[in-house]
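# Inside the fold
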Amino acid sequence: MSATASAVAPDETVLDLRDAAGLRAAVRKASPAVIVNAAGYTAVDRAESEPDVARAVNAVASGALAEEATRLGALFVHYSTDYVFDGAKGAPYVETDTPAPLGEYGRSKLEGERRALAAGGRVVVLRTSWVYGPRGQNFLLTMLRLFEERDEARVVDDQVGAPTTAGYFAEATLRVVEARPAPEACGLYHVTAGGQTSWCGFAQRILELDGRPGKRCTRVVPIRTSDYPTPARRPAWSVLDCRRFTERFGFPQRPWEDLLAETMAELDGRA
Ligand SMILES: NC(=O)c1ccc[n+]([C@@H]2O[C@H](COP(=O)([O-])OP(=O)(O)OC[C@H]3O[C@@H](n4cnc5c(N)ncnc54)[C@H](OP(=O)(O)O)[C@@H]3O)[C@@H](O)[C@H]2O)c1
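Reference entry: report on the structure contained in this document. Because the structure is predicted, anything quoted here is derived from the model rather than measured. (Residues numbered from 1 in each chain as written. Predicted model: local features only at pLDDT ≥ 70, side-chain atom pairs only at ≥ 80, totals over all residues. Heavy atoms only, no water.)

### Considering the overall build of the protein chain
For the record, the criterion: Strands here are runs of E lasting at least two residues and helices are runs of H or I lasting at least four, both read from the DSSP assignment and numbered beginning at the N terminus. Accessible surface is estimated by sampling points in the Shrake-Rupley manner with a 1.4 Å probe; for residues, cover comes only from the protein chains shown. Counted as positive: Lys and Arg. Counted as negative: Asp and Glu, with His and the chain ends omitted from the count. To locate a charge, take atom NZ for lysine, CZ for arginine, CG for aspartate or CD for glutamate.
From N to C terminus, the protein chain includes 8 helices and 10 strands. Along the longest, intermediate and shortest principal axes, the C-alpha atoms of the protein chain span 55 × 40 × 40 Å. About 13,400 Å² of surface is accessible on the protein chain, with carbon and sulfur atoms providing 50% of the total. Taking the average place of the 33 positive charges on the side chains of the protein chain and the average place of its 36 negative ones, the gap between the two points comes to 3 Å.

### Quick notes on the nonpolar core
Put simply, the rule reads: By nonpolar core is meant a set of buried Ala, Val, Leu, Ile, Met, Phe, Trp, Tyr and Cys residues that side-chain atoms within 4.5 Å join together. For the exposure calls, accessible area comes from a 1.4 Å probe over protein chains only, and a residue counts as buried if that area is under 20% of its type's maximum, exposed if over 50%, partly exposed in between.
Residues Leu126, Phe147, Val155, Ile206 and Phe245 are the most contacted members of the largest nonpolar core, which totals 64 residues. Formed by 6 residues, the second largest nonpolar core is a distinct cluster that contains Val84, Tyr93, Leu240 and Cys242.

### A short note on the packing of helix H2 (residues 51–72) against helix H3 (residues 104–118)
Definition in use: Only C-alpha atoms enter the line fits that serve as axes; for helices the fit covers just the stretch in contact. Angles between N-to-C directions range over 0 to 180 degrees. These descriptions rest on fixed angle ranges, namely under 35 degrees for roughly parallel, over 145 for roughly antiparallel, 65 to 115 for roughly perpendicular, and the rest for oblique. The hand of a helix crossing depends on one turn: near helix anticlockwise from the far one by less than a right angle means left-handed, and clockwise means right-handed. Throughout, a residue-residue contact means that at least one pair of heavy atoms, one from each residue, lies within 4.5 Å.
Interaxial distance between H2 and H3 falls to 8 Å at its minimum, and their mutual angle equals 15°. One element, H2, and the other, H3, form an angle in the roughly parallel class. Here H2 runs over H3; the crossing is right-handed. In this structure, H2 uses Pro51, Ala54, Arg55, Asn58, Ala59, Val60, Ser62, Gly63 and Ala66 to contact H3, whose residues at the interface are Glu104, Tyr105, Ser108, Lys109, Glu111, Gly112, Arg115 and Ala116.

### Here's the deal with the pattern of salt bridges
Worth spelling out the cut-off: By definition, a salt bridge exists where a carboxyl oxygen of Asp or Glu is found within 4 Å of a side-chain nitrogen of Lys or Arg.
Under the criterion given, the structure shown has 22 salt bridges. The partner of Glu68 in a salt bridge is Arg24, and the shortest N-O contact between them spans 2.8 Å. With Glu68 in helix H2 and Arg24 in helix H1 (residues 20–30), this residue pair connects regions lying 44 residues apart in the sequence. What makes Glu68 buried here is its relative accessible area of 2%. The residue Glu152 makes a salt bridge to Arg219 at a minimum N-O spacing of 2.9 Å. Separated by 67 residues along the polypeptide, Glu152 in strand S5 (residues 152–156) and Arg219 in strand S10 (residues 219–223) bring together distant segments of the chain. Glu152 sits in the partly exposed class, given a relative accessible area of 30%. By relative accessible area, Arg219 is classed as partly exposed at 48%. Bridged by salt links that share partners, the residues Arg24, Arg28, Glu67, Glu68 and Arg71 form one connected network.

### Considering helix H4 (residues 139–149)
The following threshold applies: Note that the arc is defined by the directions from the helix axis to the C-beta atoms. N or O atoms within 3.5 Å of each other form a polar contact, as long as, within protein, one can give a hydrogen and the other can take it, and as long as residues adjacent in sequence are counted only when both atoms are side-chain atoms.
The set of residues buried in H4 consists of Phe139, Leu140, Met143, Leu144, Leu146 and Phe147. Viewed end-on, H4 has its buried residues packed into an arc of 165°, placing them on one side of the element. On the buried face of H4, the contacting elements are strand S4 (131–132), S5, helix H6 (199–209), S10 and helix H8 (256–270). Put simply, Asn138 is the residue that caps the front of H4, since its side-chain oxygen is 3.2 Å from the backbone nitrogen of Leu140.

### Digging into the packing of aromatic side chains
This is how it is decided: When two rings of Phe, Tyr or Trp (its six-membered ring) have centres within 6.5 Å they constitute a pair, described as stacked for plane angles under 30 degrees, edge-to-face for angles over 60, and tilted for the intermediate range. The rule for a charge over a ring is simple: NZ of Lys or CZ of Arg within 6 Å of the ring centre, and within 35 degrees of the ring normal.
Going through the model one piece at a time under the given rule, you end up with 14 aromatic pairs. Ring geometry for Trp130 and Trp199: centres 3.6 Å apart, planes at 10°, overall stacked. Of the two residues, Trp130 is situated in the loop between strand S3 (123–128) and S4 and Trp199 in helix H6; the sequence distance between them amounts to 69 residues. Like Trp130, the residue Trp199 is buried in the burial classification. Aromatic pair Phe139 and Trp199: ring centres 4.8 Å apart, planes at 45°, arrangement tilted. Of this pair, Phe139 sits in helix H4 while Trp199 sits in helix H6, and the two are 60 residues apart along the sequence. Across this residue pair, the class does not change: Phe139 and Trp199 are buried. Here a set of aromatic residues connected by ring pairs shows up, and it is made of Trp130, Tyr132, Phe139, Trp199, Phe202 and Trp256. For Arg244, the ring lying beneath its charged end belongs to Tyr189, and the centroid distance is 4.4 Å.

In short, shape yes, function no, at least from these values alone.
Take a look at the structure:
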């Protein structure tokens, strides 16, 4: 990026992704060199009862942004998800595997990918999985709260994926932006931490690393997805093969356990 590069990050009150026309006008006015679409309708269960909103935000807006970026000759980086897959493969998914989402969220995200890539410009779609970090609402922070409140936590053990930190994923995004990829380097990529675990395994590792004196919880109990019914079905196994990204952008995968340990050390440093 040049020394004079600047970024704007409008929130929903300034730029509502449900308003595709407003979105197009805002992009034309700002005329950016790069657009990173980190926003999305991410309420996986609620999407089952409001698929139109999910589709407007995740699919229609993504297509509009990609078209406007292409019109400007700008790079468009868009985020997608492992939930475009049904989890039946049993081996890490590659970018050429056929998606088969199990719910409205995954369907809207898949349509978003397709609309973005169809714009024909410099579009990079990054699929990631199980994102968490030291801020916001996410699985790690939910577990840390539960560990203070309860003696044991019951967590599903039959959904397997790759927990990935927001920081790692942001660095991957920066790598793409700084690479200024030519059209032939654009397209669809998988970007997650390395390795795999279940939500229960993830929670158990958090518990092991949690050294807070106020912790009450002493064990994480594995349960089945069927013991914890939710409106949306989720893939049982959604590990993504990230070799295409690591090779193209020289960005190595890092073990999910290392990223978790670093994140918890960061939280400890703040306590
Ligand atoms: N979290 C994961 O595990 C995961 C996994 C794979 C892929 N992804 C993808 O990564 C991206 C970011 O996910 P996240 O977990 O960071 O989601 P998040 O915490 O729910 O954040 C989504 C953001 O989108 C904004 N947003 C929602 N509706 C909007 C609208 N109509 N107009 C403008 N902004 C709107 C939200 O703004 P407000 O805060 O104002 O509502 C929020 O800042 C999404 O594309 C998601 O599909 C996430």
